[in-house]
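Each chain, written out:
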Amino acid sequence: MTPARRQPSHAPELRAAARSLGRRRFLTTTGAAAALAFSVNLPAAGAASAAELDAARLPGDPFTLGVASGDPLPDSVLLWTRLAPAPYQADGGLPARRVTVQWELALDERFRRVVRRGAATAHPEFQHTVHVEVGRLQPGRVYHYRFRAGRWTSPAGRTRTAPAPGSRPAGLTLGLVSCQRYDEGYYTAYRHLAQDDVDVVFHLGDYLYEYAVDSAGGSRGLPKGTLPDLFHHETVTLEDYRLRYALYKTDPDLRAAHAAHPFVVTWDDHETENNYADDVSETGGPADEFLLRRAAAYRAYWENMPLRSPQLPHGPDLRLYRRLHWGRLAQFDVLDTRKYRSDQAYGDGWQYGGPESEDPRRTLTGAAQERWLIDGWRRSDALWNVVPQQVTFSQRYNSTTLPSKLSMDSWDGYPASRERVLAGARAAGVENLMVLTGDVHVHYAFDIKRDFSDPGSRTVGTEIVTSSITSGGNGSAKPSNWNTLMTANPHLRFFNGLRGYATVSLGRELARADFKTVSHVTTQGAPLTTAASFVTEAGEPGLKPA
Ligand code: FE
Ligand code: CA
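What you see as residue numbers is a count from 1 along each chain, following the sequence as written. Chains and ligands are labelled sequentially in the order written, the chains with letters from A and the ligands with numbers from 1. For this predicted model, a pLDDT threshold of at least 70 governs which residues receive local features, and a threshold of 80 or more governs which side-chain atom pairs are given and counted, while totals over whole chains, interfaces and linings are taken from all residues. Side-chain numbers come from the whole structure's heavy atoms, not from hydrogens or water.

1. Some points on the environment of Gln524
In step 1: Within the secondary structure, Gln524 is located in the loop between β22 (510-518) and β23 (528-537).
In step 2: Gln524 sits in the exposed class, given a relative accessible area of 54%.
In step 3: For the pair Gln524 and His128, spaced 396 residues apart in the sequence, the C-alpha separation amounts to 31 Å.
In step 4: In what follows, residue pairs with any heavy atoms lying within 4.5 Å of each other are defined as contacts. Gln524 has contacts with Tyr186 and Thr188, leaving out every residue within four places of it along the chain. For the purposes of this entry, the term helix denotes a DSSP run of H or I that reaches at least four residues, the term strand denotes a run of E that reaches at least two, and both are numbered from the N terminus. Exposure categories follow from relative accessible area, calculated using a 1.4 Å probe and restricted to protein chains: below 20% of the type maximum is buried, above 50% is exposed, and the middle band is partly exposed.

2. Quick word on the pattern of salt bridges
In step 1: By definition, a salt bridge exists where a carboxyl oxygen of Asp or Glu is found within 4 Å of a side-chain nitrogen of Lys or Arg. For the structure shown, the criterion picks out 33 salt bridges.
In step 2: In this structure, Arg160 engages Asp199 in a salt bridge whose closest nitrogen and oxygen atoms are separated by 3.3 Å. Linking Arg160 in strand β8 (residues 157-160) with Asp199 in the loop between α3 (188-195) and β10 (200-203), this pair joins segments that are 39 residues apart in sequence.
In step 3: Owing to a relative accessible area of 16%, Asp199 belongs among the buried residues under this scheme.
In step 4: A cluster of three or more residues bridged by salt bridges with shared partners is formed by Glu104, Arg117, Arg146 and Arg148.

3. A look at the packing of aromatic side chains
In step 1: Paired rings are identified among Phe, Tyr and Trp, the last through its six-membered ring, by centres lying within 6.5 Å, and are further divided according to the angle between planes into stacked (under 30 degrees), edge-to-face (over 60) and tilted (the rest). Counting across every chain of the model gives 21 aromatic pairs.
In step 2: Pairing Tyr209 with Tyr211 gives two aromatic rings, centres 6.5 Å apart and planes at 35°, and the pair type is tilted.
In step 3: The class for Tyr211 is buried, based on a relative accessible area of 15%.
In step 4: An aromatic cluster is defined as three or more aromatic residues linked by ring pairs; in this entry it consists of Tyr182, Tyr187, Tyr190, Tyr248 and Phe263.
In step 5: If you follow Arg323 out to its NZ or CZ, it ends over the ring of Trp372, 4.2 Å from the centre.
In step 6: By the criterion adopted, a ring carries a charge over it if an Arg CZ or a Lys NZ lies within 6 Å of its centre and within 35 degrees of its normal. Positioned above the aromatic ring of Tyr414, the side-chain terminus of Arg362 is 4.3 Å from the ring centre.

4. Notes on the domain arrangement of the protein chain
In step 1: Here the protein chain is partitioned into domain 1 (12-16 + 163-545) and domain 2 (55-160).
In step 2: The domain limits used here are those given by an automatic or database domain assignment. Computed from C-alpha atoms alone, the centre-to-centre distance between domain 1 and domain 2 is 28 Å.
In step 3: Contacts between domain 1 and domain 2 engage 38 residues on the former and 34 residues on the latter.
In step 4: For the interface between domain 1 and domain 2, the tally reads three salt bridges.
In step 5: Between Arg322 and Asp71 there is a salt bridge, with the nearest N and O atoms lying 2.6 Å from each other.
In step 6: Distance and chemistry together define a polar contact, namely a pair of N or O atoms within 3.5 Å, with one atom able to donate a hydrogen and the other to accept it when in protein, and with adjacent residues in sequence counting only for side-chain atoms on both sides. The interface formed by domain 1 and domain 2 includes 17 residue pairs in polar contact (both at pLDDT 80 or more).
In step 7: Those elements giving two or more residues to the side of domain 1 that touches domain 2 turn out to be α4 (238-249), α5 (252-260), β11 (263-265), α6 (287-304) and β12 (322-326).
In step 8: Counting residues per element, the side of domain 1 that touches domain 2 draws most heavily on α4, at six residues.

5. So, the coordination of the iron ion (ligand 1)
In step 1: With water excluded from the atoms, a metal site may look incomplete; its donors are any N, O or S atoms within 2.8 Å, or within 3.2 Å for Na, K and Ca. With distances of 2.0 to 2.5 Å, the protein atoms coordinating the iron ion (ligand 1) are Cys179 (SG), Asp206 (OD), Tyr209 (OH) and His441 (NE2).
In step 2: Under the classification used here, a metal with four donors is tetrahedral if each angle lies between 85 and 135 degrees, square planar if opposite donors are over 155 degrees apart and the others between 65 and 115, a six-donor metal meeting that same test is octahedral, and anything else is irregular. One way to put it: the four donor atoms around the iron ion (ligand 1) meet at angles of 84 to 167°, and that makes the site irregular.
In step 3: Linear spacing of the donor residues for the iron ion (ligand 1) on their chain is C-x26-D-x2-Y-x231-H.
In step 4: For the pair the iron ion (ligand 1) and the calcium ion (ligand 2), the metal-to-metal distance amounts to 3.8 Å, and Asp206 bridges them. A residue pair is termed long-range when its members are at least 10 positions apart, and Cys179 in the loop between β9 (171-177) and α3 and Tyr209 in the loop between β10 and α4 qualify at 30 residues. The two residues Cys179 and Tyr209 agree in class, both being buried.

6. Considering α4
In step 1: A helix's residues, less one, multiplied by 1.5 Å, set its expected span. In a regular helix each residue adds 1.5 Å, so 12 residues correspond to 16 Å; α4 covers 17 Å between its end C-alpha atoms and thus fits that length.
In step 2: Of all 12 residues that make up α4, 11 are buried, and the element is covered over most of its length.
In step 3: The complete set of buried residues in α4 reads Leu238, Asp240, Tyr241, Arg242, Leu243, Arg244, Tyr245, Ala246, Leu247, Tyr248 and Lys249.

7. Some remarks on the packing of helix α8 (residues 367-379) against helix α9 (residues 415-427)
In step 1: For every element, the axis is a line fit to its C-alpha atoms; helices are fit only across the contacting stretch, and the angle between N-to-C directions ranges from 0 to 180 degrees. As a packed pair, α8 and α9 sit with axes 9 Å apart at the nearest point and diverge in direction by 20°. Here α8 lies roughly parallel to α9, going by the angle between them. As α8 runs across α9, the sense of the crossing is right-handed. Contact with α8, carried on its side by Glu370, Leu373, Ile374 and Trp377, involves Ser417, Arg420, Val421, Gly424 and Ala425 of α9 and no other residues of that element.
In step 2: Lys, Arg, Asp and Glu make up the charged group, whereas Ala, Val, Leu, Ile, Met, Phe, Trp, Tyr, Cys and Pro make up the nonpolar group; the residues left over, Gly among them, are polar. Of the residues in the contact of α8 with α9, the class split is five nonpolar, two polar and two charged. To sort the angles, those under 35 degrees are grouped as roughly parallel, those over 145 as roughly antiparallel, those from 65 to 115 as roughly perpendicular, and the leftovers as oblique. It is the rotation of the near helix from the far one that decides the hand of a crossing: anticlockwise by less than a right angle makes it left-handed, clockwise makes it right-handed.

8. What to know about the coordination of the calcium ion (ligand 2)
In step 1: Within the protein, the calcium ion (ligand 2) binds to Asp206 (OD), Asp268 (OD), Asp269 (OD) and Asp439 (OD); these donor distances fall in the range 2.3 to 2.6 Å.
In step 2: All donors of the calcium ion (ligand 2) belong to a single chain; written as a sequence motif, their spacing is D-x61-D-D-x169-D.
In step 3: Residue Asp439 is classed as buried on the basis of its relative accessible area, which comes to 1%.

9. Some remarks on empty space enclosed by the protein
In step 1: Definitions used throughout: a 1 Å grid over protein atoms alone; a cavity as a set of points that fits a 1.4 Å probe which cannot get out; a pocket as an open set with protein on both sides within 12 Å along at least five of seven lines; a lining residue as one with an atom within 4 Å of a point. Grid points are joined across faces, edges and corners, and a volume is the space filled by probe spheres set on the points. On inspection of all chains with the given rule, the structure shows four cavities of 30 Å³ or more.
In step 2: When its volume is computed, the second largest cavity comes out at roughly 50 Å³.
In step 3: At the level of elements, α8 and β17 (433-437) are the ones that each hand at least two residues to the lining of the second largest cavity.
In step 4: For the lining of the second largest cavity, a count of residues per class yields nine nonpolar, no polar and no charged.

10. Quick word on the nonpolar core
In step 1: Put simply, buried Ala, Val, Leu, Ile, Met, Phe, Trp, Tyr and Cys residues joined by side-chain atoms within 4.5 Å make one nonpolar core. The biggest cluster of nonpolar side chains holds 44 residues, and the ones touching the most others in it are Tyr182, Tyr190, Tyr248 and Tyr301.
In step 2: Contributions of two or more residues to this core are made by α3, α4, α5, β11 and α6.
In step 3: Among residues more than four places away in sequence, those in contact with Tyr182 are Tyr187, Val213, Gly217, Arg220, Leu222, Leu227, Leu247, Tyr248 and Thr470.
In step 4: In this structure, Ala330, Val334, Met434 and Phe534 belong to the second largest nonpolar core, which totals 31 residues.

11. Quick notes on α9
In step 1: Compared with an ideal rise of 1.5 Å per residue, which puts 13 residues at 18 Å, α9 spans 18 Å between its outermost C-alpha atoms and is within 8% of the ideal.
In step 2: All of the buried residues in α9 are Ala416, Ser417, Arg418, Val421, Leu422, Gly424 and Ala425.
In step 3: The inward-facing, buried residues of α9 abut α7 (355-358), α8, β17, β18 (443-449) and β19 (459-465).
In step 4: Phi turns positive, to about 65°, at Gly429, one or two residues after α9.

12. Regarding the pairing of β17
In step 1: Of all the five residues making up β17, five are buried; the element is thus mostly covered by neighbouring parts of the structure.
In step 2: Neither face of β17 is exposed, since Leu433, Val435 and Thr437 on one face and Met434 and Leu436 on the opposite face are all buried.
In step 3: Relative to β17, strand β15 (residues 384-388) runs parallel, the two being bridged by four bridges. Paired with Val387 across the strands is Val435, a residue of β17. Two strands pair under a simple rule: DSSP has to find at least two bridges between them.

What follows is the structure, given as structure tokens:
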């Protein structure tokens, strides 16, 4: 989150053109350039598009960026790696040829009881990333996996399948993370998370930041010249975004967290550009130019994340919202509040709400995703209905006198959208609504109120907002606006401005949230502290100190 820099004069003629052409046709027309740029660069189905490089001739260890797994299903896991003997080179240190990679999945960490093995192709068109969907697995099990290419073996990763559909697991612990700007600190929180006893990590956005990184890695303060110049400008092209993921993934603490736990990822703005909205760039400019950039960012995101094939991008489009289940204990409706949203009202930033922000035609989710969410709730038989997403859901005043300004980038800038979602939850009879959020670089715990402006109104759910891993630098436990926010928002139950992560344990009787913090990130080695813990009982929404 950074203050708005959008120009109010922003591309009015393009918006008008979009309206007059009809949105679909407009996107088709402007998307044509992006489609052209990106469709030619796919491996041909069933045929090799590039000659094969004998893995025995790899110039060095290709597993410099670690391994990952994600989106656990009851019978399947998704395994990821990327071959990059020279990760800070645009080509990763490999020729534009495909490489065969072996993988294996075992019940034990010594790989004595291997239950599946196979071969996958690392295509140069996908920057030698590998996505393996391993099926026919047993539900509710831990598995260990690794890759091999030539004489090189990857580090081993640990993952798990979800419990069987309809089963009633006793519990599940989630790790929540967001906002890991590389040049604002060390990933100490990830080092601790790798050791923590969680089943699945939810990444709630800002996996990378587009801003230039200097040769000292910003506030990491590496010896000058440590990082090459090619990181020292904002990411715009596909090559820029790919290189930036390589930079991030060379961090050993991030690699350790990926190897230790499966991740379920969703993006926010910075994986593409600060505070963009659909096809509207932060700084204005033609939509078709921005869509080219978005196509590059989305493609690099898919390549570098443990995502399945339904999330494969098509030009500037990628369907990231999706649903996962943990037996009947939890349903996860992972949202994308970036790609389909109306442009921020009043030029973005903190503004007074009014007719523009309150326009009922405005949406944060887009109509299709909103319908999908509410339909999914109607069919849900889960005890906990969890919504991992990006931006703060609960109302947040930053002044104790009214009217107060609100964040136009958050759900506060889209109140009609929020009201439709809450009404949909009510109508669907959703039980135990829990929203999981990132973006703001602080820990918050909120009671979600039926009417946020009335402290006496019913509590209808809880929102757990996790702080950043690094973004914002060291931070402080009690930021300067602490008293104001706590006073102005009685439904805000906890606020801490240090870096860290949160865990949420879902049980049959109650859910427990633990907010974990590190004292600093600009140097390594900070210990982990549990700053606060809350519980919320099944069937009785509202946070209580644990
Ligand atoms: Fe952020
Ligand atoms: Ca953000």
